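# Close look at the chain arrangement
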Amino acid sequence: MENNVWIMILRMSGAVLLNVLITAGMWLFCRKRKMTKGLKVLVGLVFGACCVAANHFGIDYGTLVLNVRDIAPLAAGLFF
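Let me sum up the structure you'll find in this document. (Residues numbered from 1 in each chain as written. Predicted model: local features only at pLDDT ≥ 70, side-chain atom pairs only at ≥ 80, totals over all residues. Heavy atoms only, no water.)

### Things to note about the packing of aromatic side chains
- Tallied over the entire structure, the rule returns 0 aromatic pairs.
- Over the ring of Phe-29 we find Arg-33; its NZ or CZ atom is 4.0 Å from the centre of that ring. (Phe/Tyr/Trp six-rings, centres within 6.5 Å; stacked < 30°, edge-to-face > 60°. Lys NZ or Arg CZ within 6 Å of the ring centre and 35° of its normal.)

So this is what it looks like as structure tokens:
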């Protein structure tokens, strides 16, 4: 059981790291550009895809499914 806990922690950390990297990448992409309507749609689509992926690819932990689905909407809120 101890080994499963560490695997779950590593998987959850990887999911969080992926969202942080996507947010940093979007920030680098958007920081020198004017926020046009098309760019806003792109940001919405990227973070919407992150939400869908985080919701569908949760980490199984016994009878629970852990996910980080609230990170992407919070990060998208920073852009808008």
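### Comments concerning the state of the cysteines
- Inspection of the entire model under this criterion finds 0 disulfides.
- Free cysteine: Cys-30, not disulfide-bonded; nearest cysteine sulfur from Cys-50 at 13 Å.
- Judged by its relative accessible area of 7%, Cys-30 falls in the buried class. (Disulfide = S-S within 2.5 Å. Buried < 20%, exposed > 50% of the residue type's maximum accessible area, 1.4 Å probe, protein only.)

### A closer look at helix H2 (residues 37-56)
- Compared with the 28 Å implied by 1.5 Å per residue over 20 residues, the 28 Å span of H2 between its first and last C-alpha is a close match.
- What H2 keeps buried is the set Leu-39, Val-43, Phe-47, Cys-50 and Ala-54. Viewed along the axis of H2, the buried residues span an arc of 55 degrees, placing them on a single side of the element. Residues of H2 that are exposed and point more than 90 degrees away from the buried face comprise Lys-37, Gly-38, Leu-45 and His-56. (Helix = DSSP H or I, 4+ residues; strand = E, 2+ residues; numbered from the N terminus. Expected span 1.5 Å × (residues − 1). Arc of directions from axis to C-beta.)

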